[in-house]
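Examination of the molecular architecture
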Amino acid sequence: MENNKRIVLSRISRACEACGRDSANVRLIWVSKTQPFSAVERAIALGARDFGENRVQEALEKFLPQRDGVVCRIIGPVQKNKLRKAVQAAQAIDTVADLESVLKLEALCEEANKNLEILFQVNASEEATKSGLSMQEAFDFLSSLPEPQRLLYKGLMTIGKNTGNPEDSRACFAFLRDLRDKLFNTQPKFKDFTELSMGMTDDLEVAIAEGSTMVRVGTALFGHRSAIGSFHKI
Ligand SMILES: *Cc1c(COP(=O)(O)O)cnc(C)c1O
């Protein structure tokens, strides 16, 4: 894992150099879904602080009780009846895409006396299997949101196209950046809208070139996930 980390960090810094960005502005999210508890512990020992989980139950099992300075982000879609547990387990939910979830999360955070970072997921690759706001509806939907109270509207998240060619995702990533800029620049409720979560193992260079501030990397750090995706606390 240590060598994997070195390789990923050097990919990030080379990608930043290539487009004149400071690599301090690209956070590495360690996607620990399906990985055992022991892998998370090893990653933390290597300095990892930001993790991504796509299932709320797994996030609860691996990230509670909360460790000092360790952030768990939910990067998979969350069913309405799991939002309460998501608020307990995570410091950020990166896949919000409907008003009912926003309102519920505000209420849950108020009840828990807690703040929560939110990213809105946009289906910028327009693949039917992916969740998120459609590109057509995203601007109007986001513009119509209420002022955040307990929530922090931090930015946007997307998953690139899974074609095997990272260049195919460039237009999705550029779309996301433009949308973030437009909201940040014109609407006070998006004053904290600085984040773009985009780029994974296969396309992080293109995502960084298009402005990503968080790359979500699983395979290149932890190795391949089992096909079944089972997870055991060991
Ligand atoms: C699994 C997953 C990742 C990590 O993918 P890798 O290709 O293993 O790096 C990133 N983002 C989301 C939303 C995921 O579900």
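Residues numbered from 1 in each chain as written. Predicted model: local features only at pLDDT ≥ 70, side-chain atom pairs only at ≥ 80, totals over all residues. Heavy atoms only, no water.

1. A look at the environment of Leu105
So the rule is basically this: A run of H or I in DSSP becomes a helix once it reaches four residues, and a run of E becomes a strand once it reaches two; helices and strands are each numbered from the N terminus. Accessibility here uses a 1.4 Å probe with only protein chains present; expressed as a share of the type maximum, an area under 20% marks a residue as buried, one over 50% as exposed, and anything in between as partly exposed.
Residue placement: Leu105 occurs in helix α5 (residues 99-112). Looking at Leu105, the relative accessible area reads 0%, which means it is buried. For Leu105 and Arg150, which are 45 residues apart along the polypeptide, the C-alpha to C-alpha distance reads 8.5 Å.

2. Focus: the environment of Leu196
Quick reminder of the rule: Contacts are assigned to residue pairs that have any heavy atoms within 4.5 Å of one another.
For Leu196, the location among the structural elements is in strand β7 (residues 195-197). Among the residues examined, Leu196 registers a relative accessible area of 0% and is labelled buried. Remark: the alpha-carbon pair of Leu196 and Asp50, spanning 146 residues in sequence, is separated by 15 Å. When sequence neighbours within four positions are dropped, the list of residues in contact with Leu196 reads Leu156, Leu176, Arg177, Arg180, Glu210, Gly211, Ser212, Thr213 and Met214.

3. Some remarks on the site of the ligand
Cut-off, in case you're wondering: Note on definitions. A residue lies near a molecule or strand when any single heavy atom of the residue is within 4 Å of it. Here a polar contact means two N or O atoms within 3.5 Å. Within protein one must be a hydrogen donor candidate and the other an acceptor candidate, and residues neighboring in sequence count only if both atoms are side-chain atoms. Throughout, the Shrake-Rupley method with a 1.4 Å probe supplies accessible areas, and for residues the shown protein chains are the sole cover considered. A cavity here means a set of points on a 1 Å grid, drawn over the protein atoms and nothing else, where a 1.4 Å probe fits but cannot get out; a pocket is an open set with protein on both sides within 12 Å along at least five of seven lines, and a residue lines either one if it has an atom within 4 Å of a point. To be counted as sitting in a cavity or pocket, a molecule needs more than half of its atoms within 2 Å of that site's grid points. The classification used treats Ala, Val, Leu, Ile, Met, Phe, Trp, Tyr, Cys and Pro as nonpolar, Asp, Glu, Lys and Arg as charged, and all other residues, Gly among them, as polar.
With respect to spatial proximity, the complete set of residues near the ligand consists of Val31, Lys33, Ile75, Met157, Ile159, Met200, Thr201, Arg216, Val217, Gly218, Thr219 and Arg225. At 2.6 Å from an oxygen atom of the ligand is found a side-chain nitrogen or oxygen belonging to Lys33. The side chain of Thr201 places a nitrogen or oxygen atom 2.5 Å from an oxygen atom of the ligand. Its free accessible area being 390 Å², the ligand has 90% of it covered by the protein chains. Counting atoms within 2 Å of the grid points, the majority share of the ligand lands in the largest pocket. Taken together, the residues that form the shell around the ligand break down as six nonpolar, three polar and three charged.

4. As for the packing of helix α6 (residues 135-143) against helix α7 (residues 170-186)
Our working rule: Here, axes are lines fitted to C-alpha atoms. For helices the fit covers the stretch in contact, and angles between N-to-C directions go from 0 to 180 degrees. In these notes the angle categories are as follows: under 35 degrees is roughly parallel, over 145 is roughly antiparallel, 65 to 115 is roughly perpendicular, and the rest is oblique. By convention, the crossing between two helices is left-handed when the near helix turns anticlockwise from the far helix through less than a right angle, and right-handed when the turn is clockwise.
Contact pair α6 / α7: the axes reach a minimum separation of 11 Å and the direction vectors enclose 20°. Relative to α7, the element α6 lies roughly parallel. By crossing handedness, the relation of α6 to α7 is classed as right-handed. Across from Met135, Ala138, Phe139, Leu142 and Ser143 in α6, the residues of α7 making contact are Phe175, Leu179, Lys182 and Leu183. For the contact of α6 with α7, the class distribution of residues is seven nonpolar, one polar and one charged.

5. What about the nonpolar core?
The line we're drawing: Nonpolar cores were defined as sets of buried Ala, Val, Leu, Ile, Met, Phe, Trp, Tyr and Cys residues, with membership established by side-chain atoms within 4.5 Å.
In terms of nonpolar packing, the biggest core is built from 63 residues, with Ile12, Phe51, Ile93, Leu105, Phe120, Leu142 and Leu156 touching the most fellow members. Per-element tally for this core: the top contributor is α7, with five residues. For Phe51, the residues in contact, after removing those within four places along its chain, are Ile29, Trp30, Ser32, Val40, Ala43, Ile44, Phe63, Val70, Val71, Cys72, Arg73 and Phe222.

6. Thoughts on the environment of Ala90
Mapped onto the elements of the fold, Ala90 is located in the loop between α4 (83-89) and β4 (92-96). When the C-alpha positions of Ala90 and Glu110 are compared, they lie 15 Å apart, and in sequence the two are 20 residues distant. Residue contacts for Ala90: discarding those within four places in its chain leaves Cys72, Ile74, Lys114 and Leu116.

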